[in-house]
Amino acid sequence: MNSRRIMAAFPSAADEQVTLANWRQHPFSEWAFRNVRELLPTANIARASTPTPLSFAPRHLDDVSFANPRGETVGVGQALRASHTDGIVVSHRGQVAFEWYAHGLAPDTPHLIFSVSKSVAGTLGGILADHGKLDPDAPVTRYIPEMEGSVYGGSCTVRHLLDMSVGIRFDEDYMARDGDVMNYRRSTGWEPPDPTVPPTNLRDYLRTLRPNGTPHGHTFHYVSTNTDVLGWVYERACGMSYAKILAQYLWQPMGAEHDAYIAVDSRGAARVAGGICATLRDLARFGEMMRNHGISNGRQVVPGWWVDDIRQNGNAEAWSRGDLTKVFPNGNYRNKWYTIDRNETPFAAVGIHGQWIYIDPANETVIARVSSQPLPMDLDLDHMWMRGYRAIAARLAGKA
């Protein structure tokens, strides 16, 4: 592994090398997010032997317009370029209607999807529950006894992990230069080692986390470590690595065309919360499967009852007390998926720096988009694209 890789676009400038210190910063991220294997250790997620076929029915979307953050009307192409989008695939009724790539991304290039990885993990949980491998209501310590004494001991259940309702003392501030997120990143190898801090690894770090005094289940509190613990639970439940579980139970049955991969720490523990890299077309397949009630290419991959649970359940009161109401004021969260508005059908998987899978069952539309937005969270761009997703879906459904 070489953490001093030179960006493809700047092969001669020593001060423009991509390193562990800058790889998530723009413009270095345009290269890094599609070349994670050059920077971090990874584990492979094997593709299907026979991929689910894609059909194409191109549609003209350039004249679909919506408001940008300044209130100006922009078209799809303008919005893609202005938001540092690396690629987008739009499907309607299972057919690819629009596909666009930039910054060196291609249909066969995996891209880091950050916390869209969480929704993949939440979906996998339903498959394992349906196979009798996992009890969502069981205490975490049934699977990981050594979590006793941490915030994940005692009354903390798998359900609390799935719904981000663990009463944990953790500030998920992506812009902080010290504190919880930096300590977490160092434990995963996503930051350069700090000589003043003793080295650690992800799972040793997870055992140090403590409660904040809030009862589990009371408040939606977005903390990435919950999902890493969830992946560890899956490994104990299945007796194999997370990458192999994901390949065997989801990626291959779904009919993925390309291998995906996931970042791992110094001891091989998967970064379940945000480390998956996958191609856009496979993300579109994943979204289309979820739109079709868990069915891919005629096969029930995700149990329909789990998809219903994602879309119909969740704790609205816990959400209203939580920390993402500025993103989705009337939203909800269940099994690591977002309901955008409880009065509408769309639901979504969302990751920092502009990663999305937007699913609109009413308009039979799926939009997968990956980006290298400079800010981890950019509410102006998120809200612009929510307007854009609605406008695209309405056009494809013949409603605009």
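Further up the page is the structure itself.
Bear in mind the structure is a predicted one, so any value in this text is a computation, not a measurement.

### Structural notes on the sheet that holds strand β5 (residues 85–92)
Stage number 1. The sheet built from eight strands is open, its strands ordered β2-β6-β5-β16-β15-β14-β13-β12 with mixed pairing. The open sheet has two edge strands with one neighbour each: β2 (55–56) and β12 (332–334).
Stage number 2. Packed onto the sheet, helix α10 (residues 280–291) meets β2, β5, β6 (95–101), β13 (337–339), β14 (347–351), β15 (355–360) and β16 (365–371) and runs at close to 145 degrees relative to β16.

### Quick notes on the sheet that holds strand β8 (residues 260–263)
Stage number 1. Read from one edge to the other, the open sheet built from four strands follows the order β1-β8-β9-β7, with strand pairing classed as antiparallel. A strand with exactly one partner marks an edge of an open sheet, and here the two such strands are β1 (42–45) and β7 (111–112).
Stage number 2. Pairing geometry for β7 and strand β9 (residues 276–278), over two bridges, is antiparallel. Across the sheet, Leu112 pairs through a bridge with Cys277, a residue of β9.

### Observations concerning the environment of Leu396
Stage number 1. Structurally, the position occupied by Leu396 is in helix α13 (residues 379–396).
Stage number 2. You can call Leu396 buried: its relative accessible area is 4%.
Stage number 3. Remark: the alpha-carbon pair of Leu396 and Val90, spanning 306 residues in sequence, is separated by 9.7 Å.
Stage number 4. The residues touching Leu396, leaving out its near neighbours within four places in the chain, are Arg59, Leu61, Val90, His92, Ala97 and Thr365.

Criteria and thresholds
Residues numbered from 1 in each chain as written. Predicted model: local features only at pLDDT ≥ 70, side-chain atom pairs only at ≥ 80, totals over all residues. Heavy atoms only, no water. Pairing = 2+ DSSP bridges. Helix = DSSP H or I, 4+ residues; strand = E, 2+ residues; numbered from the N terminus. Contact = heavy atoms within 4.5 Å. Axes fitted to C-alpha atoms, helices over the stretch in contact; angles between N-to-C directions. Buried < 20%, exposed > 50% of the residue type's maximum accessible area, 1.4 Å probe, protein only.

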